[in-house]
Amino acid sequence: MKENEKYFQYLEMRAKEFEALCSRCGECCGSADDPCASLFKKEDGTFLCLNYADRLGEQKTLSGAEFKCILIREHISKGTLPLKCKYNLTKN
């Protein structure tokens, strides 16, 4: 296997591990106030994005407000994560 292939497999594995940290609270998608129109609350209280594969970019909230959906790593680097977000709790 070429080094490039190994590297991309490693990156894919790490991305999956990172994604697995999410508790699906929906707060980074506005679940606590004006949620994204694509946010769906499941019976167990967790949230799902109905448009996850195409979520990045311009979106609308339930009230019709426009916003730009960004990657969680951008929230992390900007310090804009909700306090109880698992990504926030694992930074230390």
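What you see is a predicted model; the values in this text were computed from it and never measured.

Caption draft 1: Just the pattern of salt bridges, in detail. Going through the model one piece at a time under the given rule, you end up with three salt bridges. Glu19 is the salt-bridge partner of Arg24, the closest N and O atoms lying 3.9 Å from each other.

Caption draft 2: Quick peek at the side chain of His75. With respect to the element layout, His75 can be found in helix H2 (residues 72-78). Assessed through its relative accessible area of 14%, His75 is described here as buried. The residues contacting His75, other than those within four sequence positions of it, are Cys28, Ile70, Thr80 and Leu81.

What counts as what
- Residues numbered from 1 in each chain as written.
- Predicted model: local features only at pLDDT ≥ 70, side-chain atom pairs only at ≥ 80, totals over all residues.
- Heavy atoms only, no water.
- Salt bridge = Lys/Arg side-chain N within 4 Å of Asp/Glu carboxyl O.
- Helix = DSSP H or I, 4+ residues; strand = E, 2+ residues; numbered from the N terminus.
- Buried < 20%, exposed > 50% of the residue type's maximum accessible area, 1.4 Å probe, protein only.
- Contact = heavy atoms within 4.5 Å.

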